[in-house]
Each structure stands twice: as structure tokens, then as C-alpha cells.
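Chain by chain, the residues run as shown.
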Amino acid sequence: MPEVRRYGAIAISQAARLIAAGQPVAVPTETVYGLAADATDLDAVVRIYAAKGRPSFNPLIVHVADLAMAESLGVFGDADRSLAAALWPGPLTLVVPHRSGSLVASLATAGLGSIALRVPAHRAMQALIAASGRPLAAPSANASGGISPTRAAHVAASLRGRIALVIDDGPCAAGLESTIVRVVDGRVVVLRPGPVTAERLGEVSGLPVVDASDGPIIAPGQLASHYAPVKPLRLHATEFAADEWGIGFGALGGDDTLSGGGDLTQAAAHLFDALHRADASKKPRIAVADIPAVGLGVAINDRLRRAAAPQG
Ligand code: TXA
Ligand code: MG
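Just so you know, these numbers come straight off a predicted model, no measurement behind them.

1. With respect to the site of ligand 1
Then, in step 1: Surveying the vicinity of ligand 1 reveals 25 residues, the closest of which are Thr31, His63, Ser114, Ser178 and Arg192.
Then, in step 2: For ligand 1, an oxygen atom lies 3.0 Å from a polar atom in the side chain of Arg118.
Then, in step 3: Compared with its free state, where it exposes 690 Å², ligand 1 has 99% of that area covered by protein.
Then, in step 4: Of all the secondary structure elements, the ones that give two or more residues to the shell around ligand 1 are β4 (61–63) and β6 (114–118).
Then, in step 5: Of the residues that constitute the shell around ligand 1, the class distribution is 13 nonpolar, eight polar and four charged.

2. Comments concerning the environment of Ala65
Then, in step 1: Tracing the chain through its elements places Ala65 in the loop between β4 and α3 (67–73).
Then, in step 2: Judged by its relative accessible area of 42%, Ala65 falls in the partly exposed class.
Then, in step 3: In this structure, the C-alpha to C-alpha distance between Ala65 and Asp168, residues 103 residues apart in sequence, is 20 Å.
Then, in step 4: When neighbours within four sequence positions are excluded, Ala65 is seen to be in contact with Val119 and Ile129.

3. Thoughts on the pairing of strand β10 (residues 187–192)
Then, in step 1: Counting buried positions along β10 gives five out of six residues, so the element sits mostly inside the fold.
Then, in step 2: Sheet topology places strand β9 (residues 179–184) next to β10; five bridges connect them, and they run antiparallel. Opposite Val183, over in β10, you have Val188 as the bridge partner.
Then, in step 3: Examined bridge by bridge, β10 and strand β11 (residues 209–211) share three bridges and lie parallel to one another. Residue pairing in the sheet places Val190 in a bridge with Asp211 of β11.
Then, in step 4: This β-α-β element, β10 to helix α7 (residues 198–205) to β11, shows right-handed connectivity.

So, how was this worked out
- Residues numbered from 1 in each chain as written.
- Chains lettered and ligands numbered in written order.
- Predicted model: local features only at pLDDT ≥ 70, side-chain atom pairs only at ≥ 80, totals over all residues.
- Heavy atoms only, no water.
- Near = heavy atom within 4 Å.
- Polar contact = N/O pair within 3.5 Å; in protein donor to acceptor, adjacent residues only side chain to side chain.
- Areas by Shrake-Rupley, 256 points an atom, 1.4 Å probe, with all protein chains shown as cover.
- Helix = DSSP H or I, 4+ residues; strand = E, 2+ residues; numbered from the N terminus.
- Nonpolar A, V, L, I, M, F, W, Y, C, P; charged D, E, K, R; others polar.
- Buried < 20%, exposed > 50% of the residue type's maximum accessible area, 1.4 Å probe, protein only.
- Contact = heavy atoms within 4.5 Å.
- Pairing = 2+ DSSP bridges.
- Right-handed = clockwise from strand over helix to strand, strands pointing away.

Below you can see the structure in the form of C-alpha cells.
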């Protein structure tokens, strides 16, 4: 088992020492727990991929302290800057051209000409960036193909024996990975829906917002099956069979619920935790209530579709 240490000055200095030594550390963010390592250290980035068992063509999000640090690594246009000014720190990742001469290891960006950047809002990830003084590459802290972790216990179970330290600061507030966008030709292209909704992106940018998830694969994370529970999963349920672990929403109850009151923010925060519990239950299959595809419901439905897609 990795050491699980409560968030605080001791945990952060221990984590910063591991980062300086080129080791990955699991740390909470406002979205999900991340597996962070020094993005400028090639060997450290290799260790992230190794710990996750992740195919190496999948590029990572680089977490930075602020817009200035982001602009030292990526080339920002006006629209990128206005999105960053309004929504950072927070659950938004901007894909921009990778600045030439940036020290980020090319493996972290999978050698693409672009780089995915985010300023996280969570105190633990912020403290770790400050203490290590480095941009931190961090994918979700789960074995590749597994369900994203929203609690320290999920990380410890998924990456058992593969990492040294998990910083525990309780469950993640948003519970879904960041919204990923790229500004292309005066439009905001959503590469991965997430906690920042299309409506909000349109408001702050004043630009049209388009969804790339039905188009060609631009973000490798859009591979159909990505956030998979082990058991078969049925979506849009209006009732549950006896052999199904029912995950309800609103009026439809079950073995568990995403939100009894039908609240989408609460449902997003509970989603991955509910899938972890469903996998651990005694029932052979899982069914999830219909979730309205509006606002944050778009991102919830995106993750559910991927979780239900057959393993490729
Ligand atoms: O909320 C989050 O974003 C979490 C926390 C830890 O920050 N991180 C996360 O990372 O979800 P990960 O590695 O599981 O997902 C990164 C996604 C992948 O779908 C990847 O394909 C996409 O970001 N990505 C990274 N760099 C990219 C780039 N240059 N162009 C397009 N997509 C990129
Ligand atoms: Mg992931």
C-alpha cells in the first residue's frame, strides 16, 4: 500500500521531496485525484505512464501556478487569455501551441505541437506546485482504463504497490475531470466536456462553443471506453432489475443515488464514487437512471457513455 498522508505542511514537504527525486505523487484536485510528477523531468514523466500502465501516446495535462507560468509553456491568444482570466484557478484545461524552448518533456505532450495547461483551484495541488517550483504533469491517479479516483482510498486501491505517497484531503468537490477546450478559428472547441459547461464557456469568451466529441478523435482521451467499471453497465434506466446494482437519480431510487434531489452538481461529485461502489457490490451488473443532458448533465452523460462502452 502507498503511504496515505493527511494534507498539511508535512505531507506537502514529503511530496515535494519525492517530486524533486523524480517520483510521482497522488494529490487531490477539485476535479479528481491526480498522479503528479515534474513535467520537465523525462524520467519522472515515464514513471507516471509506468505507474498507470498507460499507453504512451496519451498526452498529459500540465498543472501550473498561474497564467504567467502557463504562458511560459504555451502560446496564448486573446481568447485563451480571457478564458483563463475568468475561469482559472478552476476545472478548465486549455490546449494551446507548445512554446518552443519550453522545458516540458516532450513525452508529457506525447510530442504533439500543443500542450494542455490548467491552473487547479485545490489547495493541495496548489501547495505542491508552489513547494516543488515546477509545472506538474498529472493524469487522473488510477490504473489506465479504470474509474477516475475521487477519494484517496480509490487511489490507494488502484495504484497499490506502484506509488509511494497519496495526499488525502477528502473527496473531490467537482468529481469529474476538467473541461478541455481549444480555441480554433474564433470558436471554442470542447475536446472533453466537464465541470465548466458550454453555456459558461460561451458567456466568458463571447465566442461560439462547439462540441468535438462527435467528430474525429482530437483528444486521445476520447477513445470510447475510458472510464470503465469492470461490470456491464446499462444507461437511461427507468427501473432496476433484481440482479442490477441500481444507481438512482431524483425520484428513481435504487441501491445508491447520484442525487436524491435531482441536483446535477451533486450527481457529478458522486458519479465516480458511485461507480466504484457498484463495482465492489455483490450484484453482477450495474444500471444508472436517466440523467438529463443539460448543463453539467452533458459531462455526466459523456462519462457514463464511456463507462458503458465495451472494452476495446
Ligand atoms: O481534471 C483533470 O483534468 C485531471 C486532474 C488530475 O487535473 N486530469 C486528467 O488528466 O483528467 P488525464 O491525463 O486523465 O486526461 C488528460 C486528457 C486526455 O484526454 C488527453 O488526451 C488530453 O487531456 N490532452 C492532453 N494534452 C492534449 C493535447 N495537447 N491536445 C489534445 N488533448 C490533450
Ligand atoms: Mg483519466
